[in-house]
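Results of the structural survey
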Amino acid sequence: MKILVTGGTGYIGSHTVVELQQKGHEVIIVDNFSNSEKSVLSSIEKITGILPQFEEFDLVDETRTSDFFKRHNDIGGVIHFAAYKAVGESVEKPLIYYRNNINSLLNILEGMKANNIRNLVFSSSCTVYGQPDKLPVAEDSPIKPALSPYGNTKQIAEEIISDTLKTSDIRAIMLRYFNPIGAHETAHIGELPIGVPNNLIPFITQTAIGKREVLSVFGDDYNTPDGTAIRDYIHIVDLAKAHVVALDRMIENKSLSDGEIFNLGTGNGYSVLEVIKSFEKVSGEKLNYHIVKRRSGDIEKVWADTKFANMELGWKAEKSLDEMTLSAWKWEKELSAHDSNK
Ligand code: UFG
C-alpha cells in the first residue's frame with residue numbers, strides 16, 4: 001500500500017520513511033523543504049536502498065494538494081508531519097503558523113475525503129497537556145490552554161480531525177510526542193536545525209563540536225531534584241517505529257475507535273543536567289555550559305504515562321538516554337565532517 005508522508009524529509013518524517021520502507025511500505029513524500037534539505041532523499045536511499053517517490057509543493061496550496069490526491073489514487077494512508085514547529089517563532093508570527101499548520105491539514109483532510117483515503121496518522125505533541133497536574137501524564141488528562149500559537153495549532157488540529165471523523169470514513173491516530181532526540185544509527189539522517197538551535201540536544205552537540213560557545217541552561221530553580229527542568233526524551237527511531245505500528249493498526253482494523261490518541265514517550269523524566277551528564281559520558285567531551293534564568297513559556301516537568309501505548313499499540317520505546325545522546329553526537333560529527341569536506 002502506498003503511504004503519503006508529508007514533511008517526509010524533515011527530522012521525524014525522514015526517520016519514519018526509513019522505518020516504513022524497511023517494513024515493506026511504498027512511500028511517497030510531499031515536502032516543500034521549508035525546514036529540510038533535498039539531500040535527505042538520497043540519505044534515505046543510502047539506508048534502505050530505496051529512493052522514495054517525491055513531489056515538491058506546499059500543502060497550503062489547495063489546488064496543488066487536491067490535484068495531487070487526484071493523480072495518486074493508490075494512496076492507502078497518510079502520515080502528516082509537515083508543519084512549522086518553533087515555539088518562539090510562533091509567538092512572533094502567529095498568523096503564519098496558523099495559516100501553515102491549519103490550512104495544510106484542511107487540504108489534506110479534504111483530499112482524503114474526496115478520494116476515499118481512510119487512514120491518517122497525525123503528528124501531535126505533549127504540549128497539549130501544558131504543565132499537567134498529575135505525573136506521569138496519561139492520554140485522558142485535561143488539555144490545558146496552549147502556551148504558544150504553535151501549541152494551539154496542535155490542539156486545534158486534534159479538534160479538526162476529531163470533528164472530521166464524525167462525518168466521514170476517515171479514521172485517525174494522533175500521536176502526542178514528548179521530546180524526540182537522537183539520530184539514525186547509520187548517522188545518514190538526523191536533525192538539521194537551521195540557524196541557532198532552540199532545542200537542547202542540537203545546542204549541546206553544536207557547543208561540543210565548537211559551533212556554539214556555551215550552552216545556556218534555562219533555570220536551576222525549578223522544583224525538581226537538581227533544580228533544572230525535566231522532560232521525557234525519546235529516541236527518534238523508537239518514535240518513528242510507533243508511526244508504522246499506528247498505521248498498520250488502522251490498516252488491519254485493530255483500532256478501538258475511529259479517533260485514537262497515544263502518548264509517545266519512554267515514561268522516564270530526565271533533567272537538563274542529567275542530559276548533559278549523559279552526553280559528557282558517552283562523548284568523552286567536557287561541555288561548556290552555564291546557568292541562566294528560566295526561558296519564558298517553559299514548563300517545569302513532564303513525562304508520559306506510556307501504559308496505553310505499550311498495551312494497545314504493542315509498542316514500547318527501547319533506547320536509553322545514553323543511546324540517544326550518543327547517536328546525536330555521532331550525527332553532529334558526521335555533519336561537521338561533511339561541512340569541512342565542502
Ligand atoms: N534547554 C536549555 N537550554 C537550551 C535549550 C533548552 O536549558 O539551549 C532546556 C529547556 O529549558 C527545557 C529542556 O532543555 O527544559 C528541553 O528544551 P527543548 O527546547 O529541547 O524542548 P521543549 O521541551 O521546550 O520543547 C519540545 C518541542 C516542542 C514541543 C514541546 C512540548 O521542541 O515542539 O517539547 O512540551 F512543543
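A few points on the structure. Only a predicted model underlies this, so the values are computations on that prediction, with no experimental measurement involved. (Residues numbered from 1 in each chain as written. Predicted model: local features only at pLDDT ≥ 70, side-chain atom pairs only at ≥ 80, totals over all residues. Heavy atoms only, no water.)

1. Some points on helix α7 (residues 200–209)
For clarity, the cut-off: The cut-offs for exposure are 20% and 50% of the maximum accessible area for each residue type, with area from a 1.4 Å probe on protein chains only; residues under the lower value are buried, those over the upper are exposed, and the others partly exposed. Secondary structure is summarised from DSSP: a helix means a run of H or I of at least four residues, a strand means a run of E of at least two, and numbering begins at the N terminus for each.
Burial of α7 is extensive: nine of the 10 residues sit out of reach of the surface. Along α7, the residues classified as buried are Leu 200, Ile 201, Pro 202, Phe 203, Ile 204, Thr 205, Gln 206, Thr 207 and Ala 208.

2. A short note on the pattern of salt bridges
How we decide: Any Lys or Arg side-chain nitrogen found within 4 Å of a carboxyl oxygen on Asp or Glu counts as a salt bridge.
Applying the stated criterion to the full structure yields 18 salt bridges. A salt bridge links Asp 74 to Lys 2, with the nearest nitrogen and oxygen atoms 3.3 Å apart. You can see Asp 74 sitting in the loop between α3 (62–71) and β4 (75–80) and its partner Lys 2 sitting in strand β1 (residues 2–6), a full 72 residues away along the chain. Note on Asp 74: relative accessible area 40%, which makes it partly exposed. What makes Lys 2 buried here is its relative accessible area of 7%. The salt bridge involving Arg 249 is made with Glu 312; its shortest N-O contact spans 2.8 Å. Of the two residues, Arg 249 sits in helix α8 (residues 236–251) while Glu 312 sits in helix α10 (residues 307–313), which places them 63 residues apart along the sequence. With relative accessibility at 5%, the residue Arg 249 sits in the buried group.

3. Here's the deal with the packing of helix α1 (residues 11–22) against helix α2 (residues 39–48)
This is how the line gets drawn: Only the stretch in contact is used when a helix axis is fitted, and all axes are lines through C-alpha atoms; the angle between N-to-C directions ranges over 0 to 180 degrees. Handedness of a crossing is defined here by the sense of rotation of the near helix relative to the far one, left-handed for an anticlockwise turn of less than a right angle and right-handed for a clockwise turn. Contacts are assigned to residue pairs that have any heavy atoms within 4.5 Å of one another. For this classification, the nonpolar set comprises Ala, Val, Leu, Ile, Met, Phe, Trp, Tyr, Cys and Pro, the charged set comprises Asp, Glu, Lys and Arg, and every other residue, Gly included, is treated as polar.
Relative orientation of the contacting elements α1 and α2 amounts to 35°, with a least axis distance of 10 Å. Helix-helix and strand crossings are classified by hand; for α1 and α2 the assignment is right-handed. In this structure, α1 uses Ser 14, Val 17, Val 18, Gln 21 and Gln 22 to contact α2, whose residues at the interface are Val 40, Ile 44, Ile 47 and Thr 48. Partitioned by chemical class, the residues of the contact of α1 with α2 number five nonpolar, four polar and no charged.

4. Focus on the site of the ligand
Applied cut-off: A molecule or strand has a residue near it when one of that residue's heavy atoms lies within 4 Å. Pairs of N or O atoms within 3.5 Å make up the polar contacts considered here, provided that, within protein, one atom can donate a hydrogen while the other can accept it, and that residues adjacent in sequence are counted only when both atoms are side-chain atoms. The accessible surface values rely on the Shrake-Rupley method and a 1.4 Å probe; as for residues, cover is taken only from the protein chains in view.
The immediate surroundings of the ligand are formed by 19 residues, with Asn 199, Ser 216, Arg 231, Arg 295 and Asp 298 found nearest. Measuring from a nitrogen atom of the ligand, one finds a backbone N or O atom of Ser 216 at 2.7 Å. Between Arg 295 and the ligand, the recorded distance is 2.9 Å, taken from a side-chain N or O atom to an oxygen atom. For the ligand, whose accessible area on its own is 690 Å², the fraction buried by protein is 89%. The element best represented in the shell around the ligand is strand β8 (residues 215–218), accounting for four residues.

5. A look at the nonpolar core
Our working definition: Throughout, nonpolar core names a set of buried Ala, Val, Leu, Ile, Met, Phe, Trp, Tyr and Cys residues whose side chains join them through atoms within 4.5 Å.
Of all hydrophobic cores here, the largest spans 35 residues; its most connected members are Leu 20, Leu 175 and Trp 315. Listed by contribution, the elements that provide at least two residues to this core are β1, α1, β2 (26–31), α2, β6 (171–177), α8, β11 (259–264) and α10. Setting aside residues up to four positions removed in sequence, Leu 20 forms contacts with Ile 3, Val 5, His 25, Val 27, Ile 79, Val 244 and Leu 247. Residues Leu 4, Phe 69, Met 112 and Met 174 belong to the second largest nonpolar core, which totals 24 residues.

6. Remarks on the side chain of Thr 228
Mapped onto the elements, Thr 228 comes out in the loop between β8 and β9 (230–231). Relative accessible area serves as the criterion here: at 0%, Thr 228 is assigned to the buried category. Among the polar contacts listed, one links the side chain of Thr 228 to the side chain of Ser 271, at a separation of 3.5 Å. Within the structure, the side chain of Thr 228 is placed 3.4 Å from the backbone nitrogen of Leu 273, a separation counted as a polar contact. Beyond its immediate sequence surroundings of up to four residues, Thr 228 is in contact with Val 217, Gly 219, Asp 220, Tyr 222, Ser 271, Val 272 and Leu 273.

7. Here's the deal with the sheet that holds β1
Counted only if it meets this: In this description, strands pair whenever DSSP reports at least two bridges between them.
Within the open sheet, the seven strands sit side by side as β3-β2-β1-β4-β5-β6-β11. Their pairing is parallel. Two strands lie at the open edges of the sheet, namely β3 (53–56) and β11, each paired on one side alone. Each neighbouring strand pair of the sheet contributes to a mean axis angle of 20°, computed without reference to strand direction. Here α3 sits on the sheet and contacts β1, β2, β3 and β4; the angle it forms with β3, its principal contact strand, is near 155°.

8. Comments concerning the pairing of β4
Of all the six residues making up β4, six are buried; the element is thus mostly covered by neighbouring parts of the structure. As paired strands, β1 and β4 are joined by five bridges and run parallel to one another. From the neighbouring strand, Val 5 faces β4, where its bridge partner is Ile 79. With four bridges connecting them, β4 and strand β5 (residues 119–125) associate as parallel partners.

9. Here we look at the side chain of Arg 171
Looking at the element boundaries, Arg 171 is found in strand β6. Polar side-chain contacts of Arg 171 include one of 2.7 Å to the side chain of Asn 119. Excluding anything up to four places from it in sequence, Arg 171 contacts Arg 118, Asn 119, Leu 120, Leu 165, Met 250, Ile 251, Asn 253 and Asp 258.

10. Digging into unusual backbone geometry
Cis geometry marks the peptide bond from Leu 135 to Pro 136, where omega comes out at -5°. Mapped onto the fold, Pro 136 is located in the loop between β5 and α6 (149–166). Of note in the backbone geometry, Asn 116 takes a positive phi value of approximately 55° without being a glycine. As for its placement among the helices and strands, Asn 116 is situated in the loop between α5 (94–114) and β5. When its relative accessible area of 66% is taken as the criterion, Asn 116 is described as exposed. We note that Asn 253 has phi near 55°; this positive angle belongs to a residue other than glycine. Given a relative accessible area of 55%, Asn 253 falls into the exposed group.

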